[in-house]
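A structural walkthrough
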Amino acid sequence: MRDMKRREFVGLLGSAGALSGLGVLGVPTRVLAQASGKVVIVGGGFGGATCANYLRRWAPNVDVTLIERKTEFVTCPGSNEVIVGLHDIDYITHGYDGLKNRGVKVVNDEATSIDPANGAVSLKGGQTVAGDMLVISPGISFKYGWVENDDAVAETMPHAWLAGDQTMLLRRQLMAMADGGTVLIVPPPTPFRCPPGPYERASLIADYLKRNKPRSKVVIVDSNDTHSKQKAFHAGWDRLYPGMIEWVNETNGGRVVKVDPSTMTVEKEFGDTFKGDVINFIPRQQANDLVQNAGLTNTDGWCEIDQGTFESKVAAGVYVLGDASVAGAMPKSGHSAASQAKNCAAVIASRLAGREPPAPTYANTCYSLLSEKYGISVAAVYRLEEGAIKRVSGGVTDVDESDRYYAKEASYQAAWYRSITSDAFG
């Protein structure tokens, strides 16, 4: 199916996986209300929180326990805005009172191990929690060894890819940098969480520098030859920040082999180096250690799942959502995780009600800001075809549009963030 312009695509995306009072993805709500049992969910991000929320909405007789180490969740979406001072950290920080009010039992403890055969989770505090079905939405961990020293630079060259303390560390470094300095951003090889994230970060940092430290520049040292929303990003850079952002891809010398925090340098494959005053080094990624240790990952470090149900291919009754999973054509994004979570909630509620799960439909929307009033986006609908999630249609931001057009995209980004966080955290 052909690509559409974004304005043509909004209606299609809004209908993908739409919920009706008469049914949920084709299953009558009165049937799902008959479901009973216990579901344990590990991970309180977009995947886990959304799954818990919708299980309680659709199957109110199901006992839902959400295990999350932290009492508040700090989102990666929006964190680039915090880094450059457009928002404070409170803007991207969300509690779990909304889920508690819906009847979700929230346990603030760290899951230390999983027993997939028994649907049981052991907690750091000594408790073991078990359910009829187990949902794991653990996020990522870092796969060190990609380059020399990559496991020892987080406090000097912050990744800020797990939002919170690292977000604020990178913000402080950026604010302290003198005018005329260089910010290096080093994305990892794909796949990684939030594919457009490094390039949005470069854009917003350039915007901050243009307004506050105009003699400075941003260099992206990239181990990939292409990147998400490339055409729209580069058109925006030419328009907003001519000569201020340099992108060095793998073919042209972007492959990194060593980082040295003592000299604040990044060494390329053939010995040349980049020197930065602030370096945002983002390590290579894999599924969280929790699922690694449970034997739920493949040789690449990700969880293979039935892409129609998100049930693990190696552990019956265990479902893996979000960044940790191998989800066909879907990117590793917050919107993807939330979409997967709703479909998974419908699958679990249907099975607990003794019914066949509905046919899934997945969607993703991803907004990126190039400045506070310049936004771009990509959106897509996915369906299950021959056992794999495939993109069936999508829309992208046009280039060479008016300032008003991009300002609207930026306003849509803010509305999208309010909507998805409300939907996840209640």
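Structure: above.
Residues numbered from 1 in each chain as written. Predicted model: local features only at pLDDT ≥ 70, side-chain atom pairs only at ≥ 80, totals over all residues. Heavy atoms only, no water.

Attention now moves to the overall build of the protein. Within the protein, the secondary structure is distributed over 12 helices and 27 strands. Scaling as 2.2 N^0.38, a compact globule of 426 residues should have a C-alpha radius of gyration of about 22 Å, and the protein matches this with 22 Å. For the C-alpha atoms alone, the extent of the protein along its principal axes is close to 65 × 50 × 40 Å. Within the protein, buried positions represent 58% of all 426 residues. About 17300 Å² of surface is accessible on the protein, with carbon and sulfur atoms providing 46% of the total. Each charge class in the protein was averaged separately, 44 positive and 47 negative side chains, and the resulting centres sit 6 Å apart. (Helix = DSSP H or I, 4+ residues; strand = E, 2+ residues; numbered from the N terminus. Rg over C-alpha atoms; globule rule 2.2 N^0.38 Å. Buried < 20%, exposed > 50% of the residue type's maximum accessible area, 1.4 Å probe, protein only. Areas by Shrake-Rupley, 256 points an atom, 1.4 Å probe, with all protein chains shown as cover. Lys, Arg positive; Asp, Glu negative; His and termini not counted. Charge placed at Lys NZ, Arg CZ, Asp CG, Glu CD.)

Residues Val-39, Ile-41, Leu-55, Ile-67 and Ile-348 are the most contacted members of the largest nonpolar core, which totals 78 residues. By residue number, the principal contributor to this core is helix H11 (residues 334–352), which donates 10 residues. In contact with Ile-41, other than residues within four places in its own chain, are Gly-48, Cys-51, Ala-52, Leu-55, Val-64, Thr-65, Leu-66, Ile-67 and Val-135. With 33 residues, the next largest nonpolar core counts Val-183, Phe-233, Tyr-374 and Ile-376 among its residues. (Core = buried A, V, L, I, M, F, W, Y, C linked by side-chain atoms within 4.5 Å. Contact = heavy atoms within 4.5 Å.)

On to helix H6 (residues 165–176), then. In an α-helix, one turn spans 3.6 residues; hence positions three or four apart end up facing the same way. Between the first and last C-alpha of H6 there are 17 Å, a value that for 12 residues agrees with the 16 Å anticipated at 1.5 Å per step. Of the residues making up H6, those classed as buried are Gln-166, Thr-167, Leu-169, Leu-170, Arg-171, Gln-173 and Leu-174. In this structure, the buried residues of H6 make contact with helix H4 (79–83), strand S14 (182–186), helix H7 (197–212) and strand S20 (278–281). (Expected span 1.5 Å × (residues − 1).)

In this section: the packing of aromatic side chains. Evaluation of the coordinates by the stated rule reveals 14 aromatic pairs. With a centroid separation of 5.2 Å and 25 degrees between ring planes, the pair formed by Tyr-91 and Tyr-417 is classed as stacked. Of this pair, Tyr-91 sits in the loop between H4 and strand S7 (93–95) while Tyr-417 sits in helix H12 (residues 403–425), placing them 326 residues apart in sequence. Residue classification places Tyr-417 among the buried positions, given a relative accessible area of 2%. Pairing Phe-310 with Tyr-362 gives two aromatic rings, centres 5.8 Å apart and planes at 70 degrees, and the pair type is edge-to-face. Taken as a pair, Phe-310 in the loop between strand S22 (303–304) and strand S23 (318–320) and Tyr-362 in strand S25 (residues 361–371) lie far apart in primary sequence, 52 residues in all. The same class applies to Phe-310 and to Tyr-362, which are both buried. Pairwise contacts between aromatic rings join Phe-46, Phe-73, Tyr-96 and Phe-425 into one cluster. Directly above the aromatic system of Tyr-54 lies the positively charged group of Arg-57, at a separation of 4.4 Å from the ring centroid. (Phe/Tyr/Trp six-rings, centres within 6.5 Å; stacked < 30°, edge-to-face > 60°. Lys NZ or Arg CZ within 6 Å of the ring centre and 35° of its normal.)

Turning our eyes to something else, we now look at the sheet that holds strand S15 (residues 217–221). Reading across from one edge, S16-S15-S14-S20 is the order of the 4 strands in this open sheet, with parallel pairing throughout. Edge positions in the open sheet fall to strand S16 (245–248) and S20, since each of these has one partner strand only. Sheet twist, expressed as the mean angle between neighbouring strand axes with direction ignored, is 15 degrees. Sheet topology note: the S14/S20 ladder contains 4 bridges and is parallel. Across the sheet, residue Val-183 finds its bridge partner in S20, namely Val-278. Docked against the sheet, H7 engages S14, S15, S16 and S20, running at close to 165 degrees with respect to S15. (Pairing = 2+ DSSP bridges. Axes fitted to C-alpha atoms, helices over the stretch in contact; angles between N-to-C directions.)

Checked against the element boundaries, Pro-60 lands in the loop between helix H3 (46–58) and strand S5 (62–67). Distance in space between the C-alpha atoms of Pro-60 and Ser-36 is 8.3 Å, their sequence separation being 24 residues.

In this structure, the amide linkage connecting Thr-190 to the following residue, Pro-191, adopts the cis form with an omega of 0 degrees. Along the chain, Pro-191 falls in the loop between S14 and H7. Although it is not a glycine, Met-264 sits at a positive phi angle of roughly 55 degrees. Checked against the element boundaries, Met-264 lands in the loop between strand S17 (256–260) and strand S18 (265–268). Owing to a relative accessible area of 15%, Met-264 belongs among the buried residues under this scheme.

Spatial strand order, S8-S5-S4-S12-S23: 5 strands in an open sheet with parallel pairing. Each edge of the sheet is formed by a strand with only one pairing partner; in this case those strands are strand S8 (105–107) and S23. The average angle at which neighbouring strand axes cross in this sheet is 20 degrees, direction not considered. In this structure, strand S12 (residues 133–136) lies alongside S23, joined through 3 bridges in parallel fashion. By the bridge assignment, Val-135 is partnered in S23 with Tyr-319.

This brings us to H12. Taking 1.5 Å of rise per residue, the 23 residues of H12 would be expected to cover 33 Å, and the 33 Å separating its terminal C-alpha atoms lies within 8% of that figure. Of the residues flanking the end of H12, it is Gly-426, one or two places downstream, whose phi is positive at about 75 degrees.

Following the criterion strictly, the structure yields 0 disulfides and no others. Among the cysteines around Cys-303, which has no disulfide bond, Cys-344 carries the closest sulfur, lying 13 Å off. Free cysteine: Cys-366, not disulfide-bonded; nearest cysteine sulfur from Cys-194 at 5.2 Å. According to the relative accessible area criterion, Cys-366 is buried, its value standing at 12%. (Disulfide = S-S within 2.5 Å.)

One can describe the packing of H3 onto H12 by two numbers: an axis separation of 7 Å at closest approach and a directional angle of 60 degrees. Our classification of the angle between H3 and H12 gives oblique. On H12, the residues touching Phe-46, Ala-49, Thr-50, Asn-53, Tyr-54 and Arg-57 of H3 are Ile-420, Thr-421, Ser-422, Asp-423, Ala-424 and Phe-425. Per-class residue counts for the contact of H3 with H12 are 6 nonpolar, 4 polar and 2 charged. (Parallel < 35°, antiparallel > 145°, perpendicular 65-115°, else oblique. Nonpolar A, V, L, I, M, F, W, Y, C, P; charged D, E, K, R; others polar.)

Everything listed here is a matter of geometry and, on its own, says nothing about what the molecule does.
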